[in-house]
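Examining the three-dimensional arrangement
The residues making up each chain are set out below.
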Amino acid sequence: MADNMKLFLELGAKTRGFIKGMSDSKGAVGKFVSGAKRELASLRKMSTSIHGKLAAMGLSIGAGKILLDSARLDKSLVRITQTAEVGKDRAAGLRKEFFRMGRESGQVIENLRDGFNDLVQSGLGMNESRESLDGINVAMAVTGASARTLAGGMTVGARFFDFDLSKPGVALEMLDRMTVAGRLGNAELEDLSAIFGRIGNNASKAGMGFNQTLAFVEGLSLAEKNPERLATLADSTLRVFTNMRYMAMAQKATRVRFFNADGSRRLAFEVMADIKKKYDTLTTDMQKAKFIQAAFDKADLDTIKGIGTLLEGDALTQINRFNEKIGDAGGALKRDFTDATANLIDQSGMLKNDLREAADGFVQPMNETLGKWIQTLRKSKEKGGLGLDGKDMILGGAAILGGTALAARYGGKAISGLAGRFLKSGGSLAAGVAKGKALEAATGVTPVFVDIDEETYNIDSDKIAAAITDKTKAIMPVSLYGQPADMDAIQAVVDKVEGRRQKVEGNNKKALSSSFPLPPSSSKIKIIIDGAQSFGSTYKGKAEVHYCDIYTTSFFPAKPLGCFGDGGAVLTNSDELAKKIKMLRVHGQNKRYHHKYIGLGGRMDTLQCAITNVKLKHYKKDLLLRQEVAEKYTQVLGEKEEGKRKKDKESNFEIILPHIDANCTSAYAQYSVRITPSTLPCQEMPLGCNLQPSTSLRDEVQSKLKEQSIPTAIHYPMPLHLQECL
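Below, the discussion takes up the packing of helix α10 (residues 170–184) against helix α11 (residues 189–205). Two numbers describe how α10 lies on α11: the axes approach to 9 Å, and their chain directions differ by 110°. With respect to α11, the element α10 is oriented roughly perpendicular. As for the relative orientation of α10 and α11, their crossing is right-handed in sense. Contacts between α10 and α11 involve Met178, Thr179, Ala181 and Gly182 from the first element and Leu189, Leu192 and Ser193 from the second.

Structure follows, in structure tokens:
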């Protein structure tokens, strides 16, 4: 239903462009154009209801998303207030708080909401959660940590170390200490928060304070950098101070007391210092090994490893030094906040939240009305509704934002017919628009197709400039059949566009305040090469990867460098892009079970990696063999005539051989030829030739080749803009 709603609204918003596109296509869609135009004109007259006003405004997919985001925020706020057992009236104030924080830091509203929800779920009240989120907001902007992870670490810290999070500044004070601790060792704030959430209880039982626990973790991090293993190591080491059996054995072997005479627990660091004094008197490795075995023989391996780390070298001295610095951490995040957010990303986020708050305020009153209208659509006619069935709801989704008058005008079944006309596949351009909008809605980008060069089959660099707008983010040349596109010409287009943008922005700089971010169009257009068929080819003597921001290739068995299953690689010279691509490869994870993005399962299995590594060693030789085979094909088919055509007089067709640009070498993923009817007059056709004008030349040629056991394939039977997904 949502996809059809979006399609309908897009048609309403861009009627002129849609109709122009239809007019440029085949005449078969002419009736559809005039019909759609009349229907949309009728919708615009329905301005007496709020729904009609939306249609009259030309509500676009983007605006539809604002409606949906606002409605989702409504729903989540209701759930939060129910969990906190407070009235619905608190939701409005909470909404304002989220937007205030978002304006201050540039953080995504949904991330702030999720952090707040976790705070409430942990048992904190509304005031405690709001104060905590204020501190989390600052920490997120400075460190990049996630709200939910910080919320988990803070709530554990508050519970076991007696912090009153309802008091202003307490949450920020905790995060200051955690941030400074993270900078001292190898476990930075986000990892430290996750670890703290896991060990806080045992650290408290061991008699450690908040600062000491942070210092303890960071001290161990100098020996173990992996966050997951560090958490296990810290938790296991703490068992020496919480497990009575471990303590009894250690006390007996070392004669160091774990408890005072009155039965109170000694500080863990004091106990370790006393044990270390005795350990340091030992002079040989054997003596030290026997000492640890006698004291901790019954402990698990991780516990022994942690204790050994604390006893060796100056680990305890480092931990005490960390403890002192953590105690002096007050104000660290506030001091760093201004510099940390003085960048295009965060400033753009602040601006986006400004605009979103304004839009949210505009559409919020509509949400309840729209919700009631959807109920009316679904209710049976006996209960005062329209009684639309599932088919009507799917195909007639446009009626939901078209207004009551639309349903009254057409009725349930008629709506299905109207939507069927919009989605009818009879007009290829109409179908292309419909499916393309689905992609746009799913990814937030609009694909713009550029035609190919007839000789190389790669993107025609002369046609790229006309397709570029101020919204263009990237150019994606495909190195089809094995040779690169004209990369110098593509780069020249990018340089020209960027030069023009910089000139415009330079002229406008005086009109902008120093803190106002440049428009999105100032972002450099990226070049992303699809090198799935061209790995190993060159352009002007260099590999393709030298001419782009991102280079992708495939190791599918049919590709030049193929493994025995699925596989591929992405190459980039950007550390930032590389980091994000690695996360996208593993479902958007930035660490185990923490997903920063919506990603995919893109990891190659070990077997395919092993196969590709072996084949890569021989790939240069394989590439030369491919080129030799291609040259033999060319020789067998004969010298080219008329530039690149080989005319076969016996069969009455022309063979268009592959054209390899002088600047390029090809990996020859395929040796691709085109065949066209000969220009020979009919009377010159040889006797016995059975190719008639009505016969498919391609089918005939393929059939003849098949008789000779020569395999062929058709590349590509349907152009991209007619694919169902686009």
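Reading across the sheet, the 4 strands line up as β1-β2-β5-β6 and stay open at both edges, with mixed pairing between neighbours. The open sheet terminates on both sides in strands that have one partner only, identified here as β1 (474–475) and β6 (568–572). Across 2 bridges, β1 lies against strand β2 (residues 526–530) in parallel orientation. Looking across to β2, one finds that Ile475 is bridged to Ile527.

Residue pairs spaced three or four apart in an α-helix point in one direction, given the helix's 3.6 residues per turn. For helix α8 (residues 126–143), which comprises 18 residues, the first-to-last C-alpha distance of 25 Å matches the rise-based estimate of 26 Å (1.5 Å per residue) to within 8%. Taking burial as the measure, the 18 residues of α8 include 13 buried ones, the bulk of the element. Looking one or two residues past α8, Gly144 carries a phi angle of roughly 80°, positive in sign.

Within strand β5 (residues 550–554), 4 of the 5 residues are buried, which leaves it mostly tucked inside the rest of the structure. Strand direction decides the pairing type here: β2 and β5, joined by 3 bridges, are parallel. For Asp530, the partnering residue across the bridge sits in β5 and is Thr552. Alignment of β5 against β6, held across 5 bridges, turns out to be antiparallel. Bridge assignment links Thr552 to a residue of β6, and that residue is Val570.

Right, let's get into helix α17 (residues 285–296). With 12 residues, α17 ought to run about 16 Å at 1.5 Å a step, and its terminal C-alpha atoms sit 16 Å apart, in line with that. Those residues of α17 that are buried lie in contact with α14 (239–242), α15 (244–254), α16 (268–280) and α18 (301–311).

On to the packing of aromatic side chains. Counted according to the given criterion, the structure contains 12 aromatic pairs. Between Tyr539 and Tyr547, the ring centres sit 5.1 Å apart and the planes meet at 85°, which makes this aromatic pair edge-to-face. Tyr547 shares its class with Tyr539; the two are buried. Between Tyr633 and Tyr671 the ring centres are 4.9 Å apart and the planes differ by 45°, which places this aromatic pair in the tilted class. Of this pair, Tyr633 sits in helix α30 (residues 619–637) while Tyr671 sits in the loop between β11 (664–665) and β12 (674–677), placing them 38 residues apart in sequence. An aromatic cluster is built from Phe161, Phe163, Phe196 and Phe210, whose rings are joined through pairwise contacts.

Next up on the list: the sheet that holds strand β4 (residues 542–543). Sheet architecture is open: 3 strands sit in the order β4-β3-β11, paired in antiparallel fashion. A single partner strand is all that each edge strand has here, and the edge strands are β4 and β11. As paired strands, strand β3 (residues 538–539) and β11 are joined by 2 bridges and run antiparallel to one another. Residue pairing across strands places Tyr539 opposite Cys664, the latter belonging to β11.

About the cut-offs
Residues numbered from 1 in each chain as written. Predicted model: local features only at pLDDT ≥ 70, side-chain atom pairs only at ≥ 80, totals over all residues. Heavy atoms only, no water. Axes fitted to C-alpha atoms, helices over the stretch in contact; angles between N-to-C directions. Helix = DSSP H or I, 4+ residues; strand = E, 2+ residues; numbered from the N terminus. Parallel < 35°, antiparallel > 145°, perpendicular 65-115°, else oblique. Left-handed = near helix turned anticlockwise from the far one by under 90°. Contact = heavy atoms within 4.5 Å. Pairing = 2+ DSSP bridges. Expected span 1.5 Å × (residues − 1). Buried < 20%, exposed > 50% of the residue type's maximum accessible area, 1.4 Å probe, protein only. Phe/Tyr/Trp six-rings, centres within 6.5 Å; stacked < 30°, edge-to-face > 60°.

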